[in-house]
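Secondary and tertiary structure notes
Listed here are the chains, written in short residue letters.
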Amino acid sequence: MGLAHIGIIKFLEKHTLQPSEIIGTSMGSIIGALYALGETSKSIQEKINNIKINNLFEIKYLQGRVDYENAKKLLKKLLKNAKIQDTKIPLKIIATKLKNGEEKIFSANDNIKIYDAVLASIAMPGILNVKKIKNETYIDGCVTSNLPIETAKKNNIKLAINVINQKEKNYYYKNPKTSLLKNIKTKFEILNRSIKYYIIRQTKNKTIKAKKLILIEPNLKRFNSFNLSNKKKIIQAGYIEIKKYFKNTKITHRKKYTTPFKKIIAIPIIKAKRMIEKLQKQY
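First, a word on scope: everything that follows refers to the structure included in this document. The residue numbering used here restarts from 1 in each chain and proceeds along that chain's sequence as written. Since the coordinates come from a predicted model, pLDDT governs what is reported: local features require at least 70, and pairs of side-chain atoms require 80 or more to be given and counted, while whole-chain, interface and lining totals use all residues. Side-chain figures throughout are based on the complete set of non-hydrogen atoms in the structure, without hydrogens or water.

Here the term cavity refers to a set of points on a 1 Å grid, laid over the protein atoms alone, in which a 1.4 Å probe fits but cannot get out; the term pocket refers to an open set having protein on both sides within 12 Å along at least five of seven lines, with lining residues being those that place an atom within 4 Å of a point. Grid points are joined across faces, edges and corners, and a volume is the space filled by probe spheres set on the points. Of the voids in this model, the second largest pocket is the one considered here, and its volume is about 250 Å³. Taken together, Ile-149, Glu-150, Ala-152, Lys-154, Asn-155, Lys-158, Lys-206, Lys-209, Ala-210, Lys-211 and Lys-212 form the lining of the second largest pocket. Partitioned by chemical class, the residues of the lining of the second largest pocket number three nonpolar, one polar and seven charged. Under the scheme applied, nonpolar residues are Ala, Val, Leu, Ile, Met, Phe, Trp, Tyr, Cys and Pro; charged residues are Asp, Glu, Lys and Arg; polar residues are all the others, including Gly.

See the structure below:
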């Protein structure tokens, strides 16, 4: 579902907009890292165009784990040995410390490879292996912050893309009485669904209190997280959602400012007229 981020990038490129910083959690950390390194929506799509989920992940039911060595090899190929401080746009990647559940924000100050930070950020509990970096063990950033808007610079307008949202497809439980294999598969599905419910509630509580927030929640209800055959449609879903959001929006920026979101007036006029006037006076 994180492929919807590519559609968002495509929209930003079309309107010559670029964020002043990129903050990514889990799948968002992969797309965000590639974008921060200078990749475009087109080049990112080309890199993942022929990828099939079965070639990246293999569920080892009897071992109770997911093998993702091929996925790690692909990430290594995409990110190479680049460090967080090597990005063209400042990058932050979110993970969670396993020992105490605290959020970890990997940034240029950590002097580590993007590849390692990403593996920490996508280490989904009970499904993918934990990641150890400098004697600290990490799990998925979604545990502490699926939508890390609080990590962004305080006065910036925040464009947040939430692909795990209430537009998710309903889950219908079927009692797997037929075989041990189906029983284990069902347990994986329930674990995955439970994590999603937790993330959705966590995100909802956070966005209610957020200020200067542009929240984009693509409708991905008809897509399967483990089926990448609809890559183009998932990407398009992201593009359609952000385009819909800005349909009645005024997007302007001064010529001498070409990149930071904090220099951009990009808020729905009807909903935030006062904020626009305040920002215009400030910049």
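Another point: the environment of Ile-89. The way it works is that DSSP assigns letters per residue, a run of H or I at least four long becomes a helix, a run of E at least two long becomes a strand, and they are numbered from the N terminus. Structurally, the position occupied by Ile-89 is in the loop between α5 (69-79) and β4 (91-97). Classification of residues uses two cut-offs on accessible area relative to the type maximum, computed with a 1.4 Å probe and protein chains only: under 20% is buried, over 50% is exposed, and between them is partly exposed. Judged by relative accessible area, which is 4%, Ile-89 ranks as buried. The sequence separation of Ile-89 and Ser-20 amounts to 69 residues, and the corresponding C-alpha distance is 6.7 Å.

The geometry of two aromatic rings is summed up by the distance between their centres and the angle between their planes. Aromatic rings from Phe, Tyr and Trp, taking only the six-membered ring of Trp, are treated as a pair when their centres fall within 6.5 Å; an angle between ring planes under 30 degrees marks them as stacked, one over 60 as edge-to-face, and anything in between as tilted. The full count for this structure, using the stated rule, is four aromatic pairs. When the ring of Phe-11 is compared with that of Phe-246, the centres are 5.6 Å apart and the planes differ by 15°; the resulting orientation is stacked. Separated by 235 residues along the polypeptide, Phe-11 in helix α1 (residues 4-14) and Phe-246 in the loop between α9 (231-245) and α10 (273-282) bring together distant segments of the chain. A single burial state applies to Phe-11 and to Phe-246, both of which are buried. The interplanar angle of 65° and the centroid separation of 5.1 Å between the aromatic rings of Phe-106 and Tyr-138 together place this pair among those described as edge-to-face. Placement of the pair is Phe-106 in strand β5 (residues 103-106) and Tyr-138 in strand β7 (residues 136-140), with a sequence separation of 32 residues. This pair shows no difference in class: Phe-106 is buried, exactly as Tyr-138 is. In textbook terms, an aromatic cluster arises when at least three aromatic residues are bridged by ring pairs, as seen for Phe-11, Tyr-239, Tyr-245 and Phe-246. The lysine or arginine in question, Lys-72, covers the ring of Tyr-68, its NZ or CZ lying 4.9 Å from the ring centre. To sit over a ring, a charge needs its Lys NZ or Arg CZ within 6 Å of the ring centre and within 35 degrees of the ring normal. When the ring centre of Tyr-115 is taken as reference, the NZ or CZ atom of Lys-76 above it lies at 4.8 Å.

Next up on the list: α5. Among the residues of α5, Ala-71, Lys-72, Leu-75, Leu-78 and Leu-79 are the ones counted as buried. The arc that holds every buried residue of α5, seen down its axis, measures 125°, which confines them to one face. Exposed side chains of α5 directed beyond 90 degrees from the buried face belong to Lys-73 and Lys-77. Should any heavy atoms of two residues lie within 4.5 Å, those residues are considered in contact. The inward-facing, buried residues of α5 contact α2 (27-36), α3 (41-48), α4 (53-56) and α6 (114-121). Remark: Lys-80 follows α5 within two positions and exhibits a positive phi of approximately 55°. Taken from the helix axis, the directions to the C-beta atoms give the arc we talk about.

Quick look at the pairing of β4 now. Burial within β4 is extensive, with six of its seven residues counted as buried. When DSSP finds two or more bridges between two strands, those strands count as paired. With four bridges joining them, strand β1 (residues 22-25) and β4 adopt parallel strand pairing. Along β4, the bridge assignment pairs Thr-25 with Ile-94. As paired elements, β4 and β5 share four bridges and run antiparallel to each other. Its bridge partner lying in β5, Ile-94 is registered against Ile-105. Counting the residues in the hairpin turn of β4 and β5 gives five residues, including Gly-101, whose phi is positive at 75°. Where β4 lies against β7, three bridges are found, and the strand directions are antiparallel.

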